[in-house]
Amino acid sequence: MSRALLCVLSLGTATALQTCPLNFVGNVKQFVVEQENGKNRRTVPAVERAMTAKEFYDFNSYSSHTGFEKAGTSNMFLYRDLNHPHHLSFFWIHGIDHPQGNQPESDVDALITGIPSGVTIAQSDDRTAEWDWTSSNKLGDITHNGGNIGGHWWFNQNTDGGALDGFPTNLNWEIKIQANFIRGIDTWSFHFGDGSLQQDMDMSEPVYLRPVVTSVDLGVAPYPQVAGAETFCTLVESITQEQLTYTFKWGDETPDTVVTGPAGHVTCASHDFCGPVSATCGGTAPRKVRVFVKKTGCVEMDRILADEKVDDVTCGNHEGVKVSIDKNLLTGHNVNGMDFSNNNAVLTRIPENMRDMQVHTPGTIPKGTAMTLTCCGSKNCEFIVSHYHCPPCSGKVNGGFPALLPLAGFESASCAPKWGLAEQKMVSYRVQVDAGTSLVLPETTEEATSFVIFSKIGEMADPWCQKAKKAGCGGPCPPTKCTCSI
């Protein structure tokens, strides 16, 4: 999917769009790691790279080579493949390979319980006799069956450990990690963010690990807040690797955190929402964390890092799609046979490939309004936003969608409906939202009056809108000219 972003540059009284070489990648999901009674509690993101878990483990010479290895240290972290952002893995690595370090002779026994269904073993280091499924609740006892994971390692001058793959990010689960460090290991750490950040754990107590499931995912209210630092990270790519300025806005009346760093590197900031100045600790007040990224020559671009709303836009047992605008749920209607009245205009000439979809008619929404697209159930969903397009006058009523929708991962669609009796031109943008997740769009930068949202359950069709392509149109098939009608 194309994720090209747009910059808006002010040139006197004229406004021009040009391609901006910035691209938000990565994921904003957070996880809680802690020990008994909230000890060493941190809320953190996973480590992220653009490779599979097995590739990142880089198992050779009887050892892992992630870059986090250290002599005498047992390292744990969650890992996300940026090519598959809802694909979550768990890594546990002891020691370091020779000659990078001098790992003494070591013994570790372990047990992991509470593993959700669908999880698989991505890597055993070195073999299944040391890291495999077990039906036993005893540390170090591996039966090669059952729903727990057992570890029984002996190693010297290299690493031992393993990785698990397939943890869901939109469901509640909690794993319990127990270890008996018999010899050779004197530090137990949990890594997060760019991998250089870590939380040291008490080696005599178990570690608990779970996702932060927001109200939009499953209706689980994340309040009241618990004291402790939460870490938020973002990754922005750029064609040119210049320095970027990241501004983290916490939304709780505390000062912003400003970080400068190079493009292409995970950039993080931590915040305590129960600090002495914060106004969001306890109660049920929603909070929103955003990061604004500034590059020389471009306006700031922003991304929502946390948007935990307590509202009624939750899936429950619903299977399908939900569209909400500032908490208000929009009713969807089947396209076939509908008279699409929308304030001042009517949709006409719906392309054949859009007739199996539902349509949501928002009416007029003001500047500064956010939309949430939620995909409920077990199948992915497709959403299409179509808006009236006749420059320059349509720029006043299109919500700023041409610049905003690519920021949220939309790509241009190859055909669109026609607007009104005069069949004015519309353009469309499409996106796929993974099952059980929500996509929060950037706030509109202009009023939006002449647009509709189509939705359906299922993968995006490809190729899409065959008639337009056969007619030789690379994009929408518009009339040769348009007349401003708004």
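None of these values were measured; they are calculated from a predicted model.

1. Remarks on the overall build of the protein chain
A count of helical and extended segments in the protein chain gives four helices and 36 strands. In the protein chain, which comprises 486 residues, the proportion classed as buried is 55%. Of the contacts made within the protein chain by residues no fewer than 6 positions apart, 72% connect residues no fewer than 24 positions apart. Summed over all atoms, the accessible surface of the protein chain reaches about 20600 Å², with 50% contributed by carbon and sulfur.

2. Here's the deal with the pairing of strand S24 (residues 320–325)
Of all six residues in S24, six are buried; the element is thus mostly enclosed. Two strands pair when backbone bridges link them, and S24 and strand S30 (residues 371–376) are joined in this way by six bridges, in the antiparallel orientation. Across the sheet, residue Ile325 finds its bridge partner in S30, namely Met371.

3. Section: the pattern of salt bridges
The final tally for this structure, using the stated rule, is 12 salt bridges. With its nearest N and O atoms 3.9 Å apart, the salt bridge here joins Arg41 to Glu34. When its relative accessible area of 19% is taken as the criterion, Arg41 is described as buried. Close ionic contact of Glu411 with Arg430 constitutes a salt bridge, the shortest N to O distance being 3.7 Å. Highlighted residues: Glu411 in strand S32 (residues 411–412) and Arg430 in strand S34 (residues 426–433), separated in sequence by 19 residues. When salt bridges that share partners are traced, they join Glu34, Arg41, Glu174 and Arg210 into one network.

4. Here we look at the environment of Lys39
On the secondary structure map, Lys39 appears in the loop between strand S4 (30–34) and strand S5 (42–45). Remark: the alpha-carbon pair of Lys39 and Met201, spanning 162 residues in sequence, is separated by 8.7 Å. Contacts of Lys39, omitting those with residues within four sequence positions, involve Glu34, Asp202 and Glu205.

5. Observations regarding the nonpolar core
Membership of the largest hydrophobic core comes to 32 residues, with the highest contact counts inside it found for Phe90, Trp92, Ile112, Ile177, Trp188 and Phe190. Considering each element in turn, this core owes the most residues, four residues, to strand S14 (residues 175–183). Once residues within four sequence positions are removed from consideration, Ile177 is found in contact with Met76, Phe90, Trp92, Leu111, Ile112, Trp188, Pro206 and Val207. Within the second largest apolar cluster, 23 residues are counted, among which are Ile325, Ile365, Phe383 and Ala448.

6. Details of unusual backbone geometry
Residues other than glycine seldom take positive phi values, yet Asn40 does so here, at roughly 55 degrees. Relative to the elements of secondary structure, Asn40 occurs in the loop between S4 and S5. With relative accessibility at 23%, the residue Asn40 sits in the partly exposed group.

7. Description of the state of the cysteines
Under the definition given, this model contains one disulfide. Paired through a disulfide, Cys375 and Cys381 show a sulfur-sulfur distance of 2.1 Å. One disulfide, between Cys375 and Cys381, carries an S-S torsion of 75 degrees and so falls in the right-handed class. Of the residues examined, Cys381 reaches a relative accessible area of 0% and is grouped as buried.

8. Remarks on the confidence of the model for the protein chain
When pLDDT is averaged along the protein chain, the result is 74, and 70% of the positions lie at 70 or above. Segment residues 214–226 is flagged for pLDDT under 50; beyond a separation of four residues in sequence, or across chains, it makes 46 contacts in the model. Taken together, the stretch residues 462–480 has pLDDT below 50 and engages in 31 contacts with residues farther than four places along the chain or on a different chain.

9. So, the environment of Tyr57
Within the secondary structure, Tyr57 is located in helix H1 (residues 53–57). Excluding its chain neighbours within four sequence positions, the residues that come into contact with Tyr57 are Ser64, His65, Thr66, Phe91, Trp92, Ile93, Gln123, Asp125, Asp160, Gly161, Gly162 and Ala163. Separated by 3.3 Å, the side chain of Tyr57 and the backbone nitrogen of Gly162 make a polar contact.

10. Points about the packing of aromatic side chains
Taken as a whole and judged by the stated rule, the model has 17 aromatic pairs. An angle of 70 degrees between the planes, with centres 5.7 Å apart, marks the rings of Trp92 and Trp153 as edge-to-face. With Trp92 in strand S8 (residues 88–95) and Trp153 in strand S12 (residues 148–155), this residue pair connects regions lying 61 residues apart in the sequence. Taken individually, Trp92 and Trp153 each receive the classification buried, so the pair is uniform in this respect. Residues Trp92 and Trp188 carry aromatic rings whose centres are separated by 6.1 Å and whose planes lie at 20 degrees to one another, so their mutual orientation is stacked. Placement of the pair is Trp92 in strand S8 and Trp188 in strand S15 (residues 187–192), with a sequence separation of 96 residues. Neither Trp92 nor Trp188 differs from the other in exposure class; each is buried.

Calculation rules
Residues numbered from 1 in each chain as written. Predicted model: local features only at pLDDT ≥ 70, side-chain atom pairs only at ≥ 80, totals over all residues. Heavy atoms only, no water. Helix = DSSP H or I, 4+ residues; strand = E, 2+ residues; numbered from the N terminus. Buried < 20%, exposed > 50% of the residue type's maximum accessible area, 1.4 Å probe, protein only. Contact = heavy atoms within 4.5 Å. Areas by Shrake-Rupley, 256 points an atom, 1.4 Å probe, with all protein chains shown as cover. Pairing = 2+ DSSP bridges. Salt bridge = Lys/Arg side-chain N within 4 Å of Asp/Glu carboxyl O. Core = buried A, V, L, I, M, F, W, Y, C linked by side-chain atoms within 4.5 Å. Disulfide = S-S within 2.5 Å. pLDDT = per-residue confidence, 0-100. Polar contact = N/O pair within 3.5 Å; in protein donor to acceptor, adjacent residues only side chain to side chain. Phe/Tyr/Trp six-rings, centres within 6.5 Å; stacked < 30°, edge-to-face > 60°.

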